[in-house]
Amino acid sequence: MAFVVKTARTLRNNWKKSTFAVIVLTWGGSYTKHYFDTRSLMKGYCERAAQLGSRPIAVNQNPRTVTVILNPNANKRKAQAEFEKYCAPLLHLAGISLEVIKTESEGHAKQLIESVADAEAVVVAGGDGTLSEVVTGLLRRTNENCVVPIGVLPLGKNNTVARLLFPAETKLEKVKSLADATMAVIEEVTKPVDVMRIEILDTEAHESRKPIYAVSGIKWGAYRDAEVKKDSYWYFGGLKKYATYLLNGLKGSLSWDCQAQLVYSPPCTGCSNCRQVQTSTQPKSWWFQRYNSLINQLGISFIKKDDSLKYQRIHNPQCTQQMEKQVTTADLTLFTSNAIRTDGDPKLNLRIGPQNVDYMDFVKQGWKSELGESREVKEAIGARTIEINPKKGSEEAWFSIDNENYEVKPIRVTLLPKVLNMFCQEAV
């Protein structure tokens, strides 16, 4: 009893040192637990990858090769270290030969992928921006008829599509999501995903320029403007995402008044109008081509068939309809089904928020979105194509396209359903 009293007296007289010691011990215990949990998790994945890599191959076959487009600046320059720690070892254990190409600046990934002519598979090690650049480069090079499968490793700050394919909330789950994304590439499990073709319209000639492509969506409005300011409140630590809305809710610099004319066509499952015939192109090298003799004996063909041919006899009069709508809102978002869990046929999901938002509603709705919940939607529209023609304002405004900034201009967005094959988990 005397020991307890003496200890309590010592802690009371030295409360600052005691508090500091408790914090250090708590942090140290948490770090140690995460370290051993991560080692145990990665050990299981390494054993699984090594087992797959130990499978014999024929003498005349070459190891499978994967091209990795790595953005070393992603996620505050942590991407390269995490790739080398969690992803590359699994790929090497599986017997995969890696060609790692690093980006050096914004837009560099588009140039790199256009110069990679014979990629068997492309893996994007970065965030939404890097993925969008790679997809843009691939679809431009192949005239929107890409047969090369794409993998995505969630190594960026924003990983909209990757987080849907490989969910993660806690620190350990993020490591697991990287391992799952890597194993999906190793096991060659793919699923078709939708892509947006985005054309910037010339306001005078109304002619489209060279398109860009996105796999998640477009944001415009006050909530989008607040989101991009989030990193400037780093000194709030884990509370910065909540402080962002508290400190920006009364600022006039946000896009509170988004006015535009929308011209859109209804969703279509496929017809002679929206599914044009394209010439299929087979890549020069693909890993299953190593089994040519067996393929020929079994009479199996892996050449990608042009699905658009079956739509030439289907006529859908509604597909050519054009509907117009004037909107004024503080929140406009346009997503593919890759970014949100939706059922039914592929379509562009347009969500229009309220016209006016007061301070309390702005904070409340902003916090909801940070918790993964949907903000208030006044109208939801499904479309195959949509033109957004913003009304010119006195202030500069910005879109976020796959979480990358683009100046607000008239754009035409077209859905390209199931145009890419992306590596995923078997259950997805």
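Quick look at the structure, then. Keep in mind it's a predicted model, so treat the numbers as computed, not measured.

1. Some points on a nonpolar patch on the surface
A cluster of nonpolar residues, Trp 234, Tyr 235, Phe 236, Leu 239, Leu 246, Leu 247 and Trp 367, forms a patch on the protein surface that exposes about 750 Å² of accessible area. Relative to the elements of secondary structure, Leu 247 occurs in helix H10 (residues 240-248). Here Leu 247 falls in the partly exposed class, since its relative accessible area comes to 40%.

2. Looking at the environment of Trp 256
Counting through the fold element by element, Trp 256 comes out in the loop between H10 and strand E8 (258-265). A C-alpha to C-alpha distance of 5.3 Å links Trp 256 and Ala 222, two positions 34 residues apart in sequence. Not counting chain neighbours up to four residues away, the residues in contact with Trp 256 comprise Ala 222, Asn 248, Gly 249, Lys 251, Thr 329, Ala 330, Gln 355, Val 357 and Phe 362.

3. Quick notes on the packing of aromatic side chains
Tallied over the entire structure, the rule returns 10 aromatic pairs. Consider the rings of Tyr 235 and Phe 236, whose centres lie 4.9 Å apart with planes at 40°: the pair is tilted. According to the relative accessible area criterion, Phe 236 is partly exposed, its value standing at 36%. Clustering of aromatic rings is evident, with ring pairs tying together Tyr 223, Tyr 245, Trp 256 and Phe 362.

4. Thoughts on the packing of H10 against helix H12 (residues 359-370)
Taken N-terminus to C-terminus, the directions of H10 and H12 make an angle of 160°; their axes are 9 Å apart at the nearest point. Here H10 lies roughly antiparallel to H12, going by the angle between them. Once H10 is placed against H12, the crossing between them reads as right-handed. Contacts between H10 and H12 pair Lys 241, Tyr 242, Tyr 245, Leu 246 and Asn 248 from the former with Tyr 359, Phe 362, Val 363, Gly 366, Trp 367, Ser 369 and Glu 370 from the latter. Each residue belonging to the contact of H10 with H12 can be placed in one class, and the counts come to 7 nonpolar, 3 polar and 2 charged.

5. What to know about the side chain of Asn 71
As for its position among the elements, Asn 71 is in the loop between strand E1 (65-70) and helix H3 (74-77). On the basis of relative accessible area, Asn 71 is assigned to the buried category, the value being 17%. A polar contact of 3.2 Å, which involves the side chain of Asn 71, links it to the side chain of Thr 130. Setting aside chain neighbours within four positions, we find Asn 71 in contact with Ala 79, Thr 103, Ala 125 and Thr 130.

6. Details of the side chain of Thr 136
By the element assignment, Thr 136 lies in helix H6 (residues 128-142). Of note is the side chain of Thr 136, whose polar atom sits 3.0 Å from the backbone nitrogen of Tyr 213. Not counting the four nearest positions on each side in its chain, Thr 136 is found in contact with Lys 110, Pro 211, Ile 212 and Tyr 213.

7. Points about the nonpolar core
In terms of nonpolar packing, the biggest core is built from 63 residues, with Phe 83, Val 135, Val 195 and Leu 420 touching the most fellow members. Take this core: its biggest share by element is 8 residues, from helix H8 (residues 171-187). Looking at this core, you find at least three residues from each of domain 1 (61-188) and domain 2 (197-272 + 315-417).

8. Topic: H10
Think of an α-helix as turning once every 3.6 residues; residues three or four places apart then point the same way. Among all positions in H10, only Lys 240, Ala 243, Thr 244, Tyr 245 and Asn 248 are buried. Lining the buried residues of H10 we find H3, helix H9 (222-228) and H12.

Analysis parameters
- Residues numbered from 1 in each chain as written.
- Predicted model: local features only at pLDDT ≥ 70, side-chain atom pairs only at ≥ 80, totals over all residues.
- Heavy atoms only, no water.
- Patch = residues over 30% accessible without salt bridge, like charges linked within 9 Å, V, L, I, M, F, W, Y side chains within 5 Å.
- Areas by Shrake-Rupley, 256 points an atom, 1.4 Å probe, with all protein chains shown as cover.
- Salt bridge = Lys/Arg side-chain N within 4 Å of Asp/Glu carboxyl O.
- Helix = DSSP H or I, 4+ residues; strand = E, 2+ residues; numbered from the N terminus.
- Buried < 20%, exposed > 50% of the residue type's maximum accessible area, 1.4 Å probe, protein only.
- Contact = heavy atoms within 4.5 Å.
- Phe/Tyr/Trp six-rings, centres within 6.5 Å; stacked < 30°, edge-to-face > 60°.
- Axes fitted to C-alpha atoms, helices over the stretch in contact; angles between N-to-C directions.
- Parallel < 35°, antiparallel > 145°, perpendicular 65-115°, else oblique.
- Left-handed = near helix turned anticlockwise from the far one by under 90°.
- Nonpolar A, V, L, I, M, F, W, Y, C, P; charged D, E, K, R; others polar.
- Polar contact = N/O pair within 3.5 Å; in protein donor to acceptor, adjacent residues only side chain to side chain.
- Core = buried A, V, L, I, M, F, W, Y, C linked by side-chain atoms within 4.5 Å.
- Domains from an automatic or database assignment.

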